[in-house]
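Reading the structure
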Amino acid sequence: NAGVMQNPRHLVRRRGQEARLRCSPMKGHSHVYWYRQLPEEGLKFMVYLQKENIIDESGMPKERFSAEFPKEGPSILRIQQVVRGDSAAYFCASSRARVETQYFGPGTRLLVL
Amino acid sequence: KQEVTQIPAALSVPEGENLVLNCSFTDSAIYNLQWFRQDPGKGLTSLLLIQSSQREQTSGRLNASLDKSSGRSTLYIAASQPGDSATYLCAVRVQGGSEKLVFGKGTKLTVNP
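First things first, this report covers the structure right here in the doc.

**Structural notes on the interface of chain A and chain B**
- Counting from both sides, the interface comprises 20 residues of chain A and, opposite them, 19 residues of chain B.
- In total, about 1600 Å² of surface goes out of reach between chain A and chain B, with carbon and sulfur atoms giving 51% of it.
- Contact with chain B buries area across many residues of chain A, yet L43, V99 and F104 of chain A alone supply 29% of it, more than any other trio.
- The interface formed by chain A and chain B includes one salt bridge.
- With a closest N to O distance of 3.8 Å, E41 of chain A and K105 of chain B form a salt bridge.
- Connecting chain A to chain B are six residue pairs in polar contact (both at pLDDT 80 or more).
- Elements supplying a minimum of two residues to the side of chain A that touches chain B: β4 (31–37) and β5 (43–50) of chain A.
- The residue makeup of the side of chain A that touches chain B, split by class, is nine nonpolar, six polar and five charged.

This is the structure in structure tokens:
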């Protein structure tokens, strides 16, 4: 049973470009969480999704960031018009049910030049 | 608002020493508390998960305790080895709403041969 998969593992973008981060949850998991780890900071919750629904987006910046988890395919975290401050490691976690253990992926490290 | 603090921020010990990492949280309304290990540039590996009704969990040389009423947890590592060198993260799963994880900033452990 493969773990949580994220791609790409590393992503370099210039200011103003778009970044699309993908997360494939573990098999049988329908709950996905995104977290961001800024340099020298702890992980911060961004958004929690179930298939086709956003449950909690209280940690998402109000502009430029969006997330989806379609019926088919991976969850996508999309950052439009990236700025240098978006440079961070973005981690995805999945769980089988709402209060069950979250399993983390290896992360996507975004660098904005 | 739940806040998680980890002390110390960094710790350097000689090989073979027993050590304790500390974690405190401000709101006792949690489902569980989890300790993770993060190696440089890598994802998170779950070490131990303690449910709110439990007092401790053990795995090999690791023992984690939880005192929910005082908002504290400790991770005890016995007979430390250079391979234990990593950043150790504490996270609590909050009750109500999305059950997101709230992380501390971590303790960076170096075990010297």
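More follows now that the structure is in view.
**Re the layout of surface pockets**
- Each pocket or cavity is described by its volume, and for the largest pocket that value is around 550 Å³.
- Looking at the largest pocket, it is lined by 25 residues, and the ones nearest its centre are Q37, E40 and E41 of chain A together with Q38 and T87 of chain B.
- In terms of residue count, strand β11 (residues 107–112) of chain B provides more of the lining of the largest pocket than any other element does, four residues in total.
- Here the lining of the largest pocket is composed, by residue class, of nine nonpolar, nine polar and seven charged.
- Of the pockets and cavities examined, the second largest pocket occupies roughly 420 Å³.
- Around the second largest pocket, the lining is made up of 18 residues, and of these K44 of chain A together with K1, Q2, V102 and F103 of chain B lie nearest the centre.
- Every element with two or more residues in the lining of the second largest pocket is listed here: β5 of chain A together with β1 (4–7) and β10 (101–103) of chain B.

**A word on a nonpolar patch on the surface**
- Among the surface-exposed residues, V12, L111 and L113 of chain A lie close enough to one another that they form a single nonpolar patch of about 250 Å² accessible area.
- Along the chain, V12 of chain A turns up in strand β2 (residues 10–13).

**Let's talk about the side chain of Q38 of chain B**
- Looking at the secondary structure, you find Q38 of chain B in strand β4 (residues 30–38).
- In this structure Q38 of chain B comes out as buried when scored by relative accessible area, which is 9%.
- A polar side-chain atom of Q38 of chain B sits 3.1 Å from a polar atom in the side chain of Q37 of chain A.
- Among the polar contacts made by the side chain of Q38 of chain B, one reaches the main-chain carbonyl oxygen of K42 of chain B at a distance of 3.2 Å.

Rules used throughout
- Residues numbered from 1 in each chain as written.
- Chains lettered and ligands numbered in written order.
- Predicted model: local features only at pLDDT ≥ 70, side-chain atom pairs only at ≥ 80, totals over all residues.
- Heavy atoms only, no water.
- Contact = heavy atoms within 4.5 Å.
- Buried area = accessible area lost by both parts, 1.4 Å probe.
- Salt bridge = Lys/Arg side-chain N within 4 Å of Asp/Glu carboxyl O.
- Polar contact = N/O pair within 3.5 Å; in protein donor to acceptor, adjacent residues only side chain to side chain.
- Helix = DSSP H or I, 4+ residues; strand = E, 2+ residues; numbered from the N terminus.
- Nonpolar A, V, L, I, M, F, W, Y, C, P; charged D, E, K, R; others polar.
- 1 Å grid on protein atoms, 1.4 Å probe; cavity = no way out; pocket = protein on both sides within 12 Å on 5 of 7 lines; lining within 4 Å.
- Points joined across faces, edges and corners; volume = space filled by probe spheres on them.
- Patch = residues over 30% accessible without salt bridge, like charges linked within 9 Å, V, L, I, M, F, W, Y side chains within 5 Å.
- Areas by Shrake-Rupley, 256 points an atom, 1.4 Å probe, with all protein chains shown as cover.
- Buried < 20%, exposed > 50% of the residue type's maximum accessible area, 1.4 Å probe, protein only.

Keep in mind these numbers describe shape, not what the thing actually does.
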